Amino acid sequence: MSGSPADDILRLVFSFRRLAHGPADGDCAAGTCEECYALHRPKVERFIEQGVPLHFVIPAFPAKSPNPQKVLGTLPDMAERISLEFLQELCDYTRHYYEPGARITICSDGHVFSDLVGVPDETVRAYGTELEAVLAAIGADAINTYGLEDAFPGFPYEEQRSMLTSHYAVPVEEVRARTLADPGARDIFGGIHRFLFEDRMALSTGRSRNSVREETKSLAYQVIQRSDAWSHLVEDFFPEALRLSIHPQVSHSPKIGIHMMRTRDNWLTPWHGVALDDGEGIRLVKRHEAERMGATLVMRGGRVSHYIAPNVSASVKPLIEEVAS
């Protein structure tokens, strides 16, 4: 690569990529190629030419999963805090290559499909309010938020969703056909269906796995329909911005999938998991995984925050002794 500020910034962002590996990725499945850079370079260069901060948008931070086997509650916790700090630091890091740095708009999609995933709008609103409080607490002045209520102000949430669908959505049948034909779309469907199935199974009693699987398959198509509609709206409202995604993306996608925390699950997000201090850092796991290993629950400010793995005390002790000596 040329080593230009634009390529340096893209190399930085790509170092956190959440890639969906597959046959279509070709030789750059494990990294990047010129085509990867060429897709995004013009937008970066446009910001640099104007001398203003780069602008990223990321549809993310909808609300906590309703599945108690995955999360600690309904409000943001250490998982969200670390992810937001990462996004702020990503904006800060760009200043090494370009002094104005960058800014990020979180396009929260909680109200977009809250009725489909079983999270009340009031719970989504409380999550968003606390998210703003976390942003203020960590001094994340390069991050702002944008939601469905900003796009369609003054209307009830149900009407906002209807307006979004009528203006920006394609028929569910078209979503289904695309999923069957496109490997990338099939991967997205598989990841979303897995989330919905896990959550619905945890909240269902007396139902067979097959019946829940069929129900959530139908819901997954609707979630993708609305998620795509939200994506189109975001593109309309922020046409110049670079697109980030919390979903794995193929290498030559117009969206850049990114990891905000360490995790062994390519699909796991802060709102579907918990933060676990494993002695080497903090990574993202599901709540039942932390509890299965005997991790200790940590409270911060009178609220549940994260877990500490049982082997952490053994790894920290030599460090304490070294400092003391």
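To start, this report covers the structure provided alongside it.

What counts, and where the lines are drawn
Residues numbered from 1 in each chain as written. Predicted model: local features only at pLDDT ≥ 70, side-chain atom pairs only at ≥ 80, totals over all residues. Heavy atoms only, no water. Axes fitted to C-alpha atoms, helices over the stretch in contact; angles between N-to-C directions. Helix = DSSP H or I, 4+ residues; strand = E, 2+ residues; numbered from the N terminus. Parallel < 35°, antiparallel > 145°, perpendicular 65-115°, else oblique. Left-handed = near helix turned anticlockwise from the far one by under 90°. Contact = heavy atoms within 4.5 Å. Buried < 20%, exposed > 50% of the residue type's maximum accessible area, 1.4 Å probe, protein only. Polar contact = N/O pair within 3.5 Å; in protein donor to acceptor, adjacent residues only side chain to side chain.

### Details of the packing of helix α9 (residues 183-203) against helix α10 (residues 209-237)
Line of reasoning, step 1. Close contact between α9 and α10 brings their axes to 8 Å; oriented N to C, the two are set at 130°. Considering the angle they form, α9 stands oblique to α10. Every pair of crossing elements has a handedness; the one defined by α9 and α10 is right-handed. Counted together, Ile188, Phe189, Ile192, His193, Leu196, Phe197, Arg200 and Met201 of α9 and Arg209, Val212, Arg213, Glu215, Thr216, Lys217, Leu219, Ala220, Tyr221, Val223 and Ile224 of α10 form the full contact between these two elements.

### With respect to the environment of Arg18
Line of reasoning, step 1. By the element assignment, Arg18 lies in the loop between α1 (5-14) and α2 (34-50).
Line of reasoning, step 2. According to the relative accessible area criterion, Arg18 is buried, its value standing at 2%.
Line of reasoning, step 3. Sequence separation of Arg18 and Pro53 is 35 residues, and the distance between their C-alpha atoms is 24 Å.
Line of reasoning, step 4. If we skip the residues at most four places from it in the chain, Arg18 touches Ile246, His247, Pro248, Gln249, Gly257, Ile258, His259, Met260, Asp265, Asn266, Trp267 and Leu268.
Line of reasoning, step 5. Within polar-contact distance, the side chain of Arg18 engages the backbone oxygen of Ile258 at 3.1 Å.
Line of reasoning, step 6. Within the local environment of Arg18, its side chain forms a polar contact with the backbone oxygen of Asn266, the two atoms lying 2.7 Å apart.

### Some points on the environment of Ser65
Line of reasoning, step 1. Along the chain, Ser65 turns up in the loop between β1 (54-58) and α3 (78-93).
Line of reasoning, step 2. Ser65 sits in the buried class, given a relative accessible area of 6%.
Line of reasoning, step 3. Setting aside chain neighbours within four positions, we find Ser65 in contact with Lys70, Val71, Asp199, Trp271 and His272.
Line of reasoning, step 4. Of the polar contacts made by the side chain of Ser65, one reaches the backbone nitrogen of Asn67; its length is 3.1 Å.
Line of reasoning, step 5. A distance of 3.0 Å separates the side chain of Ser65 from the side chain of Asp199, its partner in a polar contact.

These figures come from the coordinates and say nothing about function on their own.
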